[in-house]
Each structure stands twice: as C-alpha cells, then as structure tokens.
Amino acid sequence: MLICLMLAVQLAQAQTTRKFTLHLTDDGSAQMVCFLPSAPSGKAIVGVPGGGYSFLSNTHEGYLASEWLNGQGIAYFVVNYRLPGGDRSLPMNDVMKAMRTVRDSAAVWAINPHDVGIMGFSAGGHLASVISTLAPFDARPDFTILFYPVISMDERVSHKWSCRNFLGEEGQKDPKLVEQFSTQNAVRRHLTPPALIIMASDDRLVPPVTNGVAYYSAMRNQGNECAMYIYPSGDHGFGFGHWFKYHDQMLTDLGNWLKARQTPKTDAVKVACIGNSITDGHGIDMASQYGYPALLQKKLGDGYWVKNFGVSARTLLQKGDFPYTDEMAWKDALAFQPDVVVIKLGTNDSKPHNWKFGSEFKHDLQQMILALRPDLAKPAKKKGRKAQQAITPRPRIFICTPIPAFKPSWDISETVIQNEIIPIQQEVAREYGLQLIDLHSLFADGAALVQPDGIHPNEKGVQRMAEIVANALLE
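Here the structure is a predicted model, which is why all the values come from computation and not from measurement. Position labels on residues start from 1 in each chain and follow its written sequence. Only residues with pLDDT of at least 70 get local features here, since the model is predicted, and only at 80 or more are side-chain atom pairs given and counted; chain-wide, interface and lining totals rely on the full set of residues. To get the side-chain values, take all heavy atoms of the structure and skip hydrogens and water.

Caption draft 1: Seen up close, the packing of aromatic side chains. Centres within 6.5 Å make a pair out of two Phe, Tyr or Trp rings, where for Trp the six-membered ring is used; the pair is then stacked when the planes are under 30 degrees apart, edge-to-face when over 60, and tilted otherwise. Applying the stated criterion to the full structure yields 24 aromatic pairs. On the basis of an interplanar angle of 80° and a centroid distance of 5.0 Å, the ring pair of W305 and F336 is categorised as edge-to-face. With W305 in strand β10 (residues 304–310) and F336 in the loop between α12 (328–335) and β11 (340–344), this pair connects stretches of sequence that are 31 residues apart. You can call W305 buried: its relative accessible area is 13%. The exposure class of F336 is buried, given its relative accessible area of 2%. Among the aromatic side chains, those forming a connected cluster through ring pairs are W68, F121, F147, Y148, Y231, F238, F240, F244 and Y246. Whether a charge sits over a ring depends on NZ of Lys or CZ of Arg being within 6 Å of the ring centre and within 35 degrees of the ring normal. One cation-aromatic arrangement involves R18 over F20; the distance from NZ or CZ to the ring centre is 4.2 Å. Here K270 stacks its cationic end above the ring of F336, 5.3 Å away from the centre of that ring. Strands are runs of DSSP state E lasting at least 2 residues, helices are runs of H or I lasting at least 4, and numbering of each runs from the N terminus. Three labels apply to residues, based on accessible area from a 1.4 Å probe with only protein chains included: buried if under 20% of the type maximum, exposed if over 50%, partly exposed otherwise in between.

Here's what the structure looks like:
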C-alpha cells in the first residue's frame, strides 16, 4: 500500500513540472498563471475563467483543469484578466497578450506555436469567442473550447449582466456594438478556428439555444469544423468540478476531440491558398475539410500546412465590386507568413462591370505580388510605391490561370479570361520569375468536373485542382 501511495504521489507530481505566474500588465492587475507539464505534447491552452465580467471564477473554471490537462501533456495558462466595467478593451488586451506570450515563448516552454488553443467558461467563453473571431491573426487561437458560453450580447436572449458589464450601459443601446460582439455574427469561413462547445441542456443562466447553439450553427453554416456536446443536466457553471454528473464522460469527449485534431508540425512548410469562390469552395459542403486546399493538404502530407484564404465573389482588381485585398483573409494571409502562396484570382474580374477597369489588372496583380515579395520590387519603384504590410519570408508564388467558364453564369466571360486575363498573368509571371499553373488548359476538357453553374468545380473537380497544384508544388 505504501509503495502504491508513493507511486501515486510521484505520478501526480510528474504531471505538473512547473507552476509560476507572469504579470500581463505593468501594475500586476492582470496575470497569467502557468502550468507546464513534465511530458509536453506540444499542445497548449489559454484558459479564460467566467464570472459574468464582474468577478473571476478561476477555481473550477480555471486552476482545477490544470491537473487533467498537464496529465495529457498540455501546457495550461489561466488568465486572470482585468474586468471591463464597460471598457471591453481591458479583458480583450489581456487575453490577446497571453496568447502572444505563449506563442513567443513556445520554444522555451516546449510548445508548438501552431497548436495553441483557448478555453473559456460562461462570460470567459464569450471573451474566448471574441478572441477567436475578432482578434488579429497573431493573437487568434488555433482551436477554441467553449464551456456554456455567453455568445449573444443581446441581454434579452443572453446573460444580462455579462452583456452590460462587457459593453457598458451605453454600449447596450448601440445596435451595431451588440451585433458586432454577438460573436455568432463574427464567425468567418476558414478564418475562425475549429471549436468545441460543451453545455448542459438545463442551463438556466445562459440559454443554450441563443448562445452556444447559435455559435455552433454559425460555424456549421460557414463550413468550419465544429463539435458540440450537450449533456442532459448540469445547469450552469460546472466547469471541471468533480460534482458534475457527466464529469468523466466530458473529459473523455474533450480528450478525444483534442486528440483527433490534425496539428501542423513546428517546421511545416506553410502554404497560403488565396482566391475567390473556387478556392473558398463554393458549393462544396464543409469546404474546410473537402475543398481543394483541404485535399491539397492531404496530398502534400504533414510536412506542409495548407490554409484556405479564399473568399467568394472577390476580384483582383482594386476597383472591382469586391476587391480581395479589402478582406480580412488577405490580412490573415500576410500575417500567416507563408513559405508558398497559390494565387487563384481573375474569374470575377472578367465580368463586364469589373473588366471596364481591366487596364489596371496588371498593376493590381503586380501590387499583390510585391506585397507578398517586396524584394522583387525594382529599386526605382521602391520609394514611390505605396507602403503595404509585408511578410518576412520570401515565399514561392504560384499564379493560377482561371479554369474555363463553361457557362456565362453571373456574366463571367470566358472570352475575357482566355484572351485578356491569362496573357496578363503569363506576362507578370515571366516578369517576376514566378511559376504559372495553367489550370485553364488542364481543365479544358473538364466540363464534367464543374457544378451545373459551369464555373465552380464539383467534388471531382476540386480533386483535380488539388492534384494539379500539388504536382506543381512538389516539382
């Protein structure tokens, strides 16, 4: 019995090898309590306790999770954030700084910087969802876990005091703020990280349907990866408490979800797929898993990390109806600091109301390339060129010609694509020494590879695209 007891004590001690506290503000009003495992898996989670934005429930919704998480090899960081009192920037800045600190210290703490998640409870779940949807790319998590989260900032269908404390009395009267920070409205296709939502059906404090279920619905409607577990009972605030009737089942469900996640290697070659609806995956259900960039990931293997930055209806032309470079996806693609960039734009530019600005297509394509590769700018042009956010690496850039428009749906013009857009792409590729992927020729006999609209690849078509792009990258 004594030997068993000693082994049990040693095992418990081995799970958390180091615990310490870091100040997130100069005055120490916000801290991050760090729990590092003895056998790190590389995964890390930033914990955000609840408390209705009026206090911090950082025991069962904070520190209590450290033992189990460290036992799974997961580094854990509980953020004791400043309460907003109507100034939402305080807790937001604290959690964003925690996310950046964990990534910046990844090598020292044996963490994969591409595998840093966030886990929030109740009002902390709202804060975690805000960071997951609205934060800049470098502070956004790689995955999100939400326990019975406040999602809506409409106090009529949510937790009144969380709404008032976060937005303030005046903020609650501003419909735009209420809509913006009701995070089911902020979910973005491909850009919002995969999420797991955990709730009890009999929650009487935060209505599940208008909060957690609403976030799940938004994620699923956008085709993003998302799972949801709703237990029959447990009310609100069970967290990691052992009193929760379904505690063991919840840990099993959470553990299985975490283990099932595909995690990029720390040294993976990062591939950014930039494009319009063909990249985005229009007409492909759950495009985050079945679109061409997702299939490209499977073909390239775990030595690569492929991210989809496609946005439907977007143009390369700055004067087009929906310029791609105005999008959050473009900012994210730059911040991703890719090693490889695949540009698939031009189809929507062929529409008559866009192509009337066609004389600027070459210039706008050049500007996109120079934003990705400033080193390619000629010395005489550097000074006069408008400054843009640039990425540190010098990525390989592939320009894809549009696939044929087999039908003139949405006024897309095959004539303009073939006779005007593709020659410009070929010219720019030669000018900057870039590689051209001629999807147009390789899809010439592919009428059976597109959806009935004659524009977007079907399931076989996205497989063909993934094969073509993979072959070009691997060459």
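Caption draft 2: Fine view of the pattern of salt bridges. Should a side-chain nitrogen of Lys or Arg be within 4 Å of a carboxyl oxygen of Asp or Glu, the pair is scored as a salt bridge. With the rule as written, the count across this model stands at 20 salt bridges. Residue R394 pairs with D375 through a salt bridge whose shortest N-O separation is 3.8 Å. Taken together, the residues span a long stretch of sequence, with R394 in the loop between α15 (379–382) and β12 (396–400) and D375 in the loop between α14 (361–372) and α15 at a distance of 19 residues. On the basis of relative accessibility, which here comes to 62%, the residue R394 falls in the exposed class. Relative accessible area serves as the criterion here: at 29%, D375 is assigned to the partly exposed category. One network of salt bridges, in which partners are shared, links K43, D115 and R261.

Caption draft 3: Representation of the packing of helix α11 (residues 292–300) against helix α18 (residues 459–474). Every axis in this analysis is a line fitted to C-alpha atoms, fitted for helices over the stretch in contact. Angles between the N-to-C directions lie between 0 and 180 degrees. α18 packs onto α11 with a crossing angle of 50° between their chain directions and a minimal axis gap of 8 Å. For the element pair α11 / α18, the angle class is oblique. Seen along the crossing, α11 lies across α18 with a hand that is right-handed. Seen from α11, the contacting residues are Y292, L295, L296, K299 and L300; seen from α18, they are V462, Q463, M465, A466, E467, V469, A470, L473 and L474. By the convention adopted, Pro, Cys, Tyr, Trp, Phe, Met, Ile, Leu, Val and Ala count as nonpolar, Lys, Arg, Asp and Glu as charged, and the other residues, Gly among them, as polar. Of the residues contributing to the contact of α11 with α18, the split by class is 11 nonpolar, one polar and two charged. Roughly parallel means an angle under 35 degrees; roughly antiparallel, over 145; roughly perpendicular, 65 to 115; everything else is oblique. By the definition used in this description, the sense in which the near helix is turned from the far one sets the handedness, with an anticlockwise turn below a right angle giving left-handed and a clockwise turn giving right-handed. Contact between two residues is taken to exist if any of their heavy atoms lie within 4.5 Å; hydrogens are not considered.

Don't take any of this as a statement about function, it's just geometry.
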